[in-house]
Amino acid sequence: MVLRIYNTLTGKKEEFKPVEEGKVKMYVCGMTVYSDAHIGHARTYLAFDIVRRYLEYKGYKVTYVQNITDVDDKIIKSANERNMDPLEYSRYYTERCLSDMDALGIRRADIYPKASEHIEDMIKMIEKIIENGYAYVSGGDVYFSVEKFKDYGKLSKQKIEEMKAGARVEPGEKKRNPLDFALWKSAKPGEPKWQSPWGEGRPGWHIECSVMSTKYLGVPFDIHGGGQDLIFPHHENEIAQTEAAYGDGFANYWMHVGLLKVKGEKMSKSLGNIIPIRDAIKMYDPEIIRFFFASMHYRSPPNFTEEALDNARKSLEKIYRVYDLLRYYKKRNIGDEDEEVKEFIKDLEKGFEEAMDDDFNTPMAMKVIFEFIDKINNKLKEKPLGPETSRAAQEALRKVCNVLTLLQDVKEPDINPDEIKSLLEKYGLEVEAKSAEEGVDILLKRREDARKEKDWGTADSIRDDLKKIGIEVEDTKSGAVWYIKRRF
RNA sequence: GGGCGGGUAACAAAGGGGCUAUGUGGUGGACUGCAGAUCCACUUACGUGGGUUCGAAUCCCACCCCGCCCUCCA
């Protein structure tokens, strides 16, 4: 099956053809590290984590590069306010931001190049752009001459003439044209600076991505992504610079993620509604947050609300229940193998791939997953499933959920053996249980006996006691089954 | 003002000329000793007005709203 990706450059879904067969090279604009990572960052990087996982699912060898902007006005300002060295300051936040992403369960990119470590490469590229006639030196600064680049505006679908109206020249800038942007800025006191052919200074923002993407991925590479807010001017400028240096063809597919809203509003400093990842994961389990993002199409702007996250939790519990019940049947050999479930699994995989092949349609993929769960539940309503069938169904469910960053590293949930032991004692069961699991089975057997004798008091008490320690008991046609309820 | 993307049931959210989206909630039913869970059914879907068509939520035109970008942003 063919993967189709919506390309911002053409405004269409296009068949994906990698530059190099079997390999995908992707670059996503990373964070400016001057404060903690927030859930807006999480939304974007989770979306690309899913993109990367699905490409791997399809068998591609993916190289994923995400830059770290550690030379920047905001960093310098924040660092100076705290009397810190800007580079030291950004190193601190780099670590913090990356570990926040780890905590959220977003996989790390393969390479995290830092702007500060690629100044030489940037100088070389700027020289090349000047050589090719697209940039000029002006009093220690270097500017890109937008008018020289005829394709300027092709990504954001804007015309140069119309952009001019709104553009302004800041006082102190030495631009020839208001739309021109800085490739190199001369040093001001108190700023980090590097030696260049144009004097001491530091690079402009856009040049780092042109340099680091092409350095690690070559020209052209496959996917270039970021938040929708980066389309203009950042990505537009990247295209201008890179094509000015290397000619046509930079990145083949441009993907942009819809920006997160909080309670219906744009998340911004001025509104004071920025939610750092650190705070978010105190309120919600990381997997709930991941489910929330995965259940939305990547190009849509999700609305982060309590209700939406609550909803995500309930839906996720539904998935886990089936997953854990299948685990129960897998280990017990009390049911029959079932041919029809094999069909369900095929439908799941087929439906999932069709959904994801259509521009990573994760909500559609969710639908397919819930249909599978429905079918399994219907099956389980009729009869227990055999170990092999259960294993296959569980594995299939895990595999597709993994692509959506769900059910990753699912640990077999633990039960406290001491708690089980004291329950066994409570109900006068002298048997030595080999394991906590066996202990629960013995307790349920005791409950079955009580039910046969219509001793509802004991039966319900056992069920309640088990629930207190997180074990859900479900009565089915063929007896009681149990699973450990995941806590989110 | 220019550009881009939207308006889908109680809420969230896909789809996109004829075919149940799905999830959550609500109502009713099934199952159960009971509860939960689960299953089934229902819960006045497609912003407004025109047009094209045998047929429009889907295509076209106009209009009304909403969001984002045009300054730093993931």
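Shown above is the structure to which this text applies.
Residues numbered from 1 in each chain as written. Chains lettered and ligands numbered in written order. Predicted model: local features only at pLDDT ≥ 70, side-chain atom pairs only at ≥ 80, totals over all residues. Heavy atoms only, no water.

**Focus: empty space enclosed by the protein**
For step 1, the next point in the chain: Tallied over the entire structure, the rule returns 2 cavities of 30 Å³ or more.
For step 2, the next point in the chain: Forming the walls of the largest cavity are Arg 43, Leu 46, Ala 47, Ile 50, Val 51, Phe 293, Ala 294, Met 296, Tyr 298, Phe 360 and Thr 362.
For step 3, the next point in the chain: Every element with two or more residues in the lining of the largest cavity is listed here: helix H1 (39-57) and helix H9 (286-294).
For step 4, the next point in the chain: Among the elements that take part in the lining of the largest cavity, H1 stands out by supplying 5 residues, more than any other.
For step 5, the next point in the chain: Of the residues contributing to the lining of the largest cavity, the split by class is 9 nonpolar, 1 polar and 1 charged.
For step 6, the next point in the chain: Here the second largest cavity defines a volume of roughly 50 Å³.
For step 7, the next point in the chain: Put simply, the parts of the chain that give the lining of the second largest cavity at least two residues each are strand S4 (61-66) and helix H3 (86-104).
For step 8, the next point in the chain: Residues belonging to the lining of the second largest cavity are distributed by class as follows: 7 nonpolar, 1 polar and 1 charged. (1 Å grid on protein atoms, 1.4 Å probe; cavity = no way out; pocket = protein on both sides within 12 Å on 5 of 7 lines; lining within 4 Å. Points joined across faces, edges and corners; volume = space filled by probe spheres on them. Helix = DSSP H or I, 4+ residues; strand = E, 2+ residues; numbered from the N terminus. Nonpolar A, V, L, I, M, F, W, Y, C, P; charged D, E, K, R; others polar.)

**Brief notes about the packing of aromatic side chains**
For step 1, the next point in the chain: Scanning the entire structure with this criterion turns up 26 aromatic pairs.
For step 2, the next point in the chain: Summarising the aromatic geometry, the rings of Tyr 328 and Tyr 329 are spaced 5.5 Å apart at their centres and angled 90 degrees between planes, so their arrangement reads as edge-to-face. Here Tyr 328 matches Tyr 329 in class, with each residue buried.
For step 3, the next point in the chain: With a centroid separation of 6.1 Å and an interplanar angle of 75 degrees, the aromatic rings of Tyr 328 and Trp 482 are classed as edge-to-face. You can see Tyr 328 sitting in helix H10 (residues 306-332) and its partner Trp 482 sitting in strand S15 (residues 479-484), a full 154 residues away along the chain. Neither residue differs from the other here; Tyr 328 and Trp 482 are each classed as buried.
For step 4, the next point in the chain: In this structure an aromatic cluster arises from ring pairing among Tyr 54, Tyr 57, Tyr 298, Phe 352 and Phe 360.
For step 5, the next point in the chain: Directly above the ring of Tyr 298 sits Arg 299, whose terminal nitrogen or CZ lies 5.9 Å from the centroid. (Phe/Tyr/Trp six-rings, centres within 6.5 Å; stacked < 30°, edge-to-face > 60°. Buried < 20%, exposed > 50% of the residue type's maximum accessible area, 1.4 Å probe, protein only. Lys NZ or Arg CZ within 6 Å of the ring centre and 35° of its normal.)

Nothing here speaks to function; it is all geometry.
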